Amino acid sequence: MKNWNYNTITVIGLGYVGLPTAVIFAKAGLKVIGVDVNPQTVQSINSGRPPINEPGLQKLLKEALNTKLLTATTDYKYAIKNADAIIICVPTPIGENNVPILKYLDLALENVSQFLTRKKLVIIESTIPPGCTHNHIVPLIEQKTGLKAGTDFWLAYCPERITPGKSLKEFIENDRIIGGYTHESGKIAEQLFKKVVKGKIYVTDIKTAEVAKIAENTFRDINIAFANELALICEKIGVDVMKVIQLANTHPRVNIHLPGTGVGGPCIPKDPYLLIYPAEKLGFKSKIIRTARMINDTMPNHVVNLILNGLNSVGKSIVNSKITILGTAYKGGVDDSRLSPAKEIINKLKALNANLVVFDPYCSETFGARSEKSIEEAVLNSDCIVLVTDHPEFRNLDLVRLRKLMKDNPIIVDGRRIIDPNEAKRHGFQYLGVGYGN
Ligand code: SAJ
């Protein structure tokens, strides 16, 4: 097979996956045209201000702009006509009753098809349901262009495997799966990604790649659900789930994830539904995957119950108490609040007429609650601190100082199990935690 010569690649969708993709290929010396439908995003990127917070991203973006290897545009015609390869990284969320929403993907495909010509490589990096390439993407492109996938243009699925907060490092270092619509398509896509990926690249067929990607995230969701159910069992029988997990994971083939306040983010809560959707349309009924989603979705309510139990244990009522919520981001170290468990926790507490205040050093989202600029102001005269997000800053709170700021009989509800229970009790706190059976 000939060596495919890439000069210019176009990346469509400059968000949490697309922008790291664009700057990493620019760093490798390729000319990159970034396309986004949002003019503010384009303008911000061209001014060297990444619209997302990701360690190292601003530096790489500035380098790419200084070398003139990266430009952002809303002009699809320019972007597709000048590209040897096109990488689509648009969101694929789920909607009502967890049905996949492909409208952003369709918009990108329609725009690409308008200008696609022969001998280009089209790559989908967005997470898609099994069968989507054959049943949806290929018919759409072939119908609009008259071109034949795999013959007139190459088509591959290269799902991302990056976690926000470590996206740039992981994009380069992690192993990667590539699914080729044809064997040749897969090998050509492999040539492109070999320019930037140091990890091993596994080339397979596209349907296998579609399932493998969402199997990864669905596994994580089920594993987390097991950790959460194990936590509820430990609370009932008076054992600390964190000690159980730590010990169980010393087994060479056991890797139990961590319990928490629930599962948020743009991927893990929705990818399980992408996985089961096509099969359930054919009569299959998921058990473990749906049950795991249900377990994880009950955790925010469990945290609210822990808060009520804590207040009750010191004779306080929710309506006359100040509750400090630490963290609104969906996970530690990120400013992203998409599908964050904090939203349901805050809504439930607001419905109970609690006096709420939130503090999150990364994330500006407050879900309608009052916020404070510092943890001290957020904790002042508070009855109960709730650890909702496992930000690094919350792992070594100054409990002596916080105790002095709070009202008598202060409570800590540790939704992420990042505070030492004995340390908290030693400093005069009532300590409750997910999976902490005392
Ligand atoms: N969580 C737990 N317990 C755990 C691990 C996570 O409760 O042991 C919670 C987190 O707090 C969070 C949610 O689950 O609310 C998901 O967090 P995550 O770290 O498992 O995964 P994400 O959402 O960061 O997934 C990202 C996705 N990539 C992007 O958003 C660009 C996903 O497609 C990747 O596969 C995943 O990282 C990854 O780890 O590879």
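Note on numbering: residues in each chain are counted from 1, in written sequence order. Reporting in this predicted model follows two pLDDT cut-offs: at least 70 for local features of residues, and 80 or more for side-chain atom pairs to be given and counted; totals over whole chains, interfaces and linings ignore these cut-offs and use all residues. Values shown for side chains rest on all heavy atoms present in the structure; no hydrogens or waters enter the calculation.

### Looking at the sheet that holds strand β13 (residues 411–414)
- Any two strands between which DSSP finds at least two bridges are classified as paired. Under the DSSP-based scheme used, a helix requires at least four consecutive residues in state H or I and a strand at least two consecutive residues in state E, with every element numbered from the N terminus. An order of β11-β10-β9-β12-β13-β14 is seen for the six strands of this open sheet, with the pairing classed as parallel. Two strands close off the open sheet at either side, each with one partner strand: β11 (370–371) and β14 (430–433).

### Thoughts on the nonpolar core
- Core analysis: the biggest nonpolar cluster contains 43 residues, and I9, V23, F25, L121, I123, L192 and F193 have the highest contact counts within it.
- When residues in this core are grouped by element, the largest group, six residues, is from helix α1 (residues 18–27).
- Excluding its chain neighbours within four sequence positions, the residues that come into contact with L121 are Y6, D84, A85, I86, W154, L155, S185, I188, A189 and L192. Take the buried residues of types Ala, Val, Leu, Ile, Met, Phe, Trp, Tyr and Cys, join any two whose side-chain atoms come within 4.5 Å, and each joined set is a nonpolar core. Throughout this description, buried means an accessible area under 20% of the type-specific maximum (1.4 Å probe, protein chains only), exposed means over 50%, and partly exposed covers the range between. We call two residues contacting when some pair of their heavy atoms lies within 4.5 Å.

### Notes on the packing of aromatic side chains
- Each pair of aromatic rings taken from Phe, Tyr and Trp, with Trp reduced to its six-membered ring, is defined by centres within 6.5 Å and is described as stacked if the planes are under 30 degrees apart, edge-to-face if over 60, and tilted in the remaining cases. A full pass over the atoms with the stated rule returns five aromatic pairs.
- Measuring from ring centre to ring centre gives 6.4 Å for F171 and F193, while their planes differ by 25°; the resulting arrangement is stacked. In this pair, F171 is assigned in helix α7 (residues 167–173) and F193 in helix α8 (residues 183–193), connecting sequence segments 22 residues apart. Like F193, F171 is buried.

### A closer look at the site of the ligand
- Here, proximity means that at least one heavy atom of the residue falls within 4 Å of the molecule or strand. Surrounding the ligand, one finds 21 residues, the nearest of these being E160, I162, R220, Y330 and K331.
- Whenever a nitrogen or oxygen atom comes within 3.5 Å of another N or O atom, the pair is scored as a polar contact, on the condition that within protein one atom can donate a hydrogen and the other can accept it, and that pairs from neighbouring residues in sequence are kept only if both atoms are in side chains. Within the backbone of I162, an N or O atom sits 2.7 Å from a nitrogen atom of the ligand.
- Between an oxygen atom of the ligand and a main-chain N or O atom of G264, the distance comes to 2.9 Å.
- Compared with its free state, where it exposes 750 Å², the ligand has 90% of that area covered by protein.
- Its residues assigned to classes, the shell around the ligand shows ten nonpolar, five polar and six charged.
- Domain delimitation follows an automatic or database domain assignment. When residues of the shell around the ligand are assigned to domains, at least three map to each of domain 1 (8–199) and domain 2 (291–433). The protein chains shown are the only cover counted for residues, whose accessible areas, like all others here, come from Shrake-Rupley with a 1.4 Å probe. Amino acid classes used here: Ala, Val, Leu, Ile, Met, Phe, Trp, Tyr, Cys and Pro are nonpolar; Asp, Glu, Lys and Arg are charged; the rest, including Gly, are polar.

### Considering the packing of helix α9 (residues 206–237) against helix α10 (residues 241–248)
- A fitted line through C-alpha atoms represents every axis, and for helices the fit uses only the stretch in contact; the resulting angles, taken between N-to-C directions, go from 0 to 180 degrees. It is the contact of α9 with α10, at a shortest axis distance of 9 Å, that shows an interaxial angle of 130°. Overall, the two elements α9 and α10 adopt an arrangement that is oblique. Classified by chirality, the crossing of α10 by α9 is right-handed. Where α9 approaches α10, its residues A227, L230, A231 and C234 are matched on the opposing element by V241, V244 and I245. Here the word oblique covers every angle except those under 35 degrees (roughly parallel), over 145 (roughly antiparallel) and from 65 to 115 (roughly perpendicular). The hand of a helix crossing depends on one turn: near helix anticlockwise from the far one by less than a right angle means left-handed, and clockwise means right-handed.

### Brief notes about the pattern of salt bridges
- Salt bridges are identified by distance alone: a Lys or Arg side-chain nitrogen within 4 Å of an Asp or Glu carboxyl oxygen. Summed over the entire model, instances satisfying the criterion amount to 24 salt bridges.
- The salt bridge partner of K27 is E63, with a shortest N-O separation of 3.7 Å. Separated by 36 residues along the polypeptide, K27 in helix α1 and E63 in helix α3 (residues 57–66) bring together distant segments of the chain.
- By relative accessible area, K27 is classed as exposed at 57%.
- Residue classification places E63 among the partly exposed residues on the basis of a relative accessible area of 29%.
- E280 is the partner of R290 in a salt bridge, and the nearest nitrogen-oxygen pair spans 2.6 Å. Of the two residues, R290 is situated in helix α12 (residues 288–313) and E280 in helix α11 (residues 271–281); the sequence distance between them amounts to ten residues.
- Looking at E280, the relative accessible area reads 18%, which means it is buried.
- Taken together, the shared-partner salt bridges in this structure form one network comprising K27, K59 and E63.

### Describing α3
- Listed in full, the buried residues belonging to α3 are L57, L60, L61, A64 and L65. Axial view of α3: buried residues confined to an arc of 135°, hence all on one face. For α3, the exposed residues set more than 90 degrees away from the buried face come down to K59 and N66.
- In the stretch just after α3, K68 is the one whose phi turns positive, near 60°. The directions considered for the arc are those from the helix axis to the C-beta atoms.

### Some remarks on unusual backbone geometry
- Residue K68 is not a glycine yet carries a positive backbone phi of 60°.
- Relative to the assigned elements, K68 resides in the loop between α3 and β3 (70–73).
- The phi angle at N381 is positive, at roughly 60°, despite the residue not being glycine.
- Here N381 shows up in the loop between α14 (375–379) and β12 (384–387).
- Here N381 falls in the partly exposed class, since its relative accessible area comes to 43%.

### Notes on the domain arrangement of the chain
- Split by domain assignment, the chain resolves into domain 1 (8–199) and domain 2 (291–433).
- Its C-alpha centre places domain 1 at a distance of 38 Å from the equivalent point of domain 2.
- Of the roughly 430 Å² buried between domain 1 and domain 2, counting both surfaces, carbon and sulfur atoms make up 40%.
- The quantity reported as buried area is the accessible area (1.4 Å probe) lost by two parts once they are put together, taken as the sum for both. Among the residues domain 1 hides against domain 2, the three largest losses belong to Y16, N53 and P164. Together they make up 82% of the total.
- Summed over the shared surface of domain 1 and domain 2, the result is two residue pairs in polar contact (both at pLDDT 80 or more).
- When its residues are assigned to classes, the side of domain 1 that touches domain 2 shows two nonpolar, three polar and no charged.

### Notes on the environment of L192
- Looking at where L192 falls in the secondary structure, it is placed in helix α8.
- Exposure remark for L192: the relative accessible area of 0% places this residue in the buried category.
- Counting along the chain gives 79 residues from L192 to D271, while the straight-line C-alpha distance between them is 26 Å.
- Leaving out residues up to four positions away in the same chain, L192 has contacts with Y6, I9, F25, L30, A85, I87, L121 and I123.

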